[in-house]
Amino acid sequence: MEDVRVSVRLTPEMHEKLKIIAIKRKTNMNQILVEYIKRIIEEEEQNNAKGN
């Protein structure tokens, strides 16, 4: 499996909220961001395929 890492600067409040979400989902903040990005890419690819 690839070791994909995402780096973003969050406010302390956003960092804390994302960390709490990650704990509730039993994952980590990086994995949440990677999954979100993958979802966006997949949706874009599907939209592009419909347009062709």
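Read on for a plain summary of the structure.

So, on to the overall build of the protein. Looking only at helices and strands, the protein has two helices and zero strands in total. Taken over C-alpha atoms, the radius of gyration comes to 14 Å for the protein, far larger than the 10 Å a tight globule of 52 residues would show. For the protein, the spread of C-alpha atoms along the principal axes amounts to about 45 × 25 × 20 Å. Classification of the 52 residues of the protein by burial places 8% in the buried group. On the protein, roughly 5100 Å² of surface is accessible, and the fraction owed to carbon and sulfur atoms is 52%.

Per the stated rule, a full pass over the model turns up one salt bridge. A salt bridge links Arg5 to Asp3; the shortest N-O distance between them is 3.1 Å.

Moving on: unusual backbone geometry. Backbone geometry at Lys26 places phi at a positive 55 degrees, although glycine is not the residue there. Residue placement: Lys26 occurs in the loop between helix H1 (12–24) and helix H2 (29–51).

With that settled, consider the environment of Leu10. Following the sequence through the fold, Leu10 ends up in the segment before H1. Classification of Leu10 by relative accessible area gives partly exposed; the value is 31%. With sequence-adjacent residues up to four places away left out, Leu10 is seen in contact with His15 and Leu18.

Conventions used here
- Residues numbered from 1 in each chain as written.
- Predicted model: local features only at pLDDT ≥ 70, side-chain atom pairs only at ≥ 80, totals over all residues.
- Heavy atoms only, no water.
- Helix = DSSP H or I, 4+ residues; strand = E, 2+ residues; numbered from the N terminus.
- Rg over C-alpha atoms; globule rule 2.2 N^0.38 Å.
- Buried < 20%, exposed > 50% of the residue type's maximum accessible area, 1.4 Å probe, protein only.
- Areas by Shrake-Rupley, 256 points an atom, 1.4 Å probe, with all protein chains shown as cover.
- Salt bridge = Lys/Arg side-chain N within 4 Å of Asp/Glu carboxyl O.
- Contact = heavy atoms within 4.5 Å.

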